[in-house]
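Notes for the structure review
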Amino acid sequence: MENEVLRTVRGGYDKGAVISKLDSYNTLLLMIEQGALSDAAINAELAKIRATPIPKAKGGLILKGSGFSVEDTDKYIADLEKKISEKIML
C-alpha cells in the first residue's frame, strides 16, 4: 500500500489502536532488517502483535464513531505481514 492512506469511515477501527499496531509491525520490520532479533524472538514478537486486538471506533448512542477503514487497515496489515515474511525468508 505504498503512498496510500487509510480512509476514515464511520464504524471503522479505532485510530489509536491501528496506529499502535502498525507501529509495532514497523518496529519489528526495522529490527529484522537490522538483524537485531533471533528467529525465535521474531516469531514471538509477531505472535504478540497478531494477538493484539483492534477495537472498533466508539461513538454515541446512535451514531458510530469515526475510525480507519477496516478494509484498508486489513490490507495494509497484510502487506506488512508479507514484507516481514519476505525478510524472514532471506
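The coordinates are above.
Attention here is on the structure that accompanies the text. (Residues numbered from 1 in each chain as written. Predicted model: local features only at pLDDT ≥ 70, side-chain atom pairs only at ≥ 80, totals over all residues. Heavy atoms only, no water.)

Things to note about the packing of helix α1 (residues 15–33) against helix α2 (residues 39–51)
Where we set the bar: Helix axes use the C-alpha atoms of the stretch in contact, all axes being lines fitted to C-alpha atoms, and the angles between their N-to-C directions lie in the range 0 to 180 degrees. Labels follow the DSSP assignment, with helices taken as runs of H or I lasting at least four residues and strands as runs of E lasting at least two, numbered in each case from the N terminus. Any angle from 65 to 115 degrees is called roughly perpendicular, while one under 35 is roughly parallel, one over 145 is roughly antiparallel, and all others are oblique. Whether two residues are in contact is decided by their heavy atoms, any of which lying within 4.5 Å being enough. When residue character is reported, Ala, Val, Leu, Ile, Met, Phe, Trp, Tyr, Cys and Pro are called nonpolar, Asp, Glu, Lys and Arg charged, and the others, Gly included, polar.
As a packed pair, α1 and α2 sit with axes 10 Å apart at the nearest point and diverge in direction by 170°. Relative to α2, the element α1 lies roughly antiparallel. Packed against α1, whose contacting residues are Lys-21, Ser-24, Tyr-25, Leu-28 and Ile-32, the element α2 presents Ile-42, Glu-45, Leu-46, Ile-49 and Arg-50 at the interface. Per-class residue counts for the contact of α1 with α2 are 6 nonpolar, 1 polar and 3 charged.

So, the packing of aromatic side chains
In plain terms, the rule: Planes of paired rings set the category: under 30 degrees apart is stacked, over 60 is edge-to-face and the rest tilted, where pairs are Phe, Tyr or Trp rings (Trp by its six-membered ring) whose centres lie within 6.5 Å. Comment: the charge-over-ring label is applied if NZ (Lys) or CZ (Arg) is within 6 Å of the ring centre and within 35 degrees of the ring normal.
If you walk through the whole model with that rule in mind, you get 0 aromatic pairs. The cationic tip of Lys-15 hangs over the ring face of Phe-68; the distance from NZ or CZ to the ring centre is 5.4 Å.

Some remarks on the side chain of Thr-73
Its place among the elements puts Thr-73 in helix α3 (residues 70–89). In contact with Thr-73, not counting residues within four places along its chain, are Leu-6, Tyr-13, Val-18, Ile-54 and Phe-68.

Observations concerning the pattern of salt bridges
To keep things clear, this is the line we draw: Just to be clear on terms, a salt bridge is a Lys or Arg side-chain nitrogen sitting within 4 Å of an Asp or Glu carboxyl oxygen. Buried means the residue's accessible area, taken with a 1.4 Å probe over protein chains only, is under 20% of the maximum for its type, while exposed means over 50%, and partly exposed covers the values in between.
Scanning the entire structure with this criterion turns up 4 salt bridges. Between Asp-79 and Lys-75 there is a salt bridge, and its shortest N-O distance comes to 3.5 Å. Of the two residues, Asp-79 and Lys-75 both sit in helix α3, 4 residues apart, roughly one turn of that helix. Take Lys-75: its relative accessible area is 44%, and that puts it in the partly exposed class.

On their own, these measurements won't tell you what the molecule is for.
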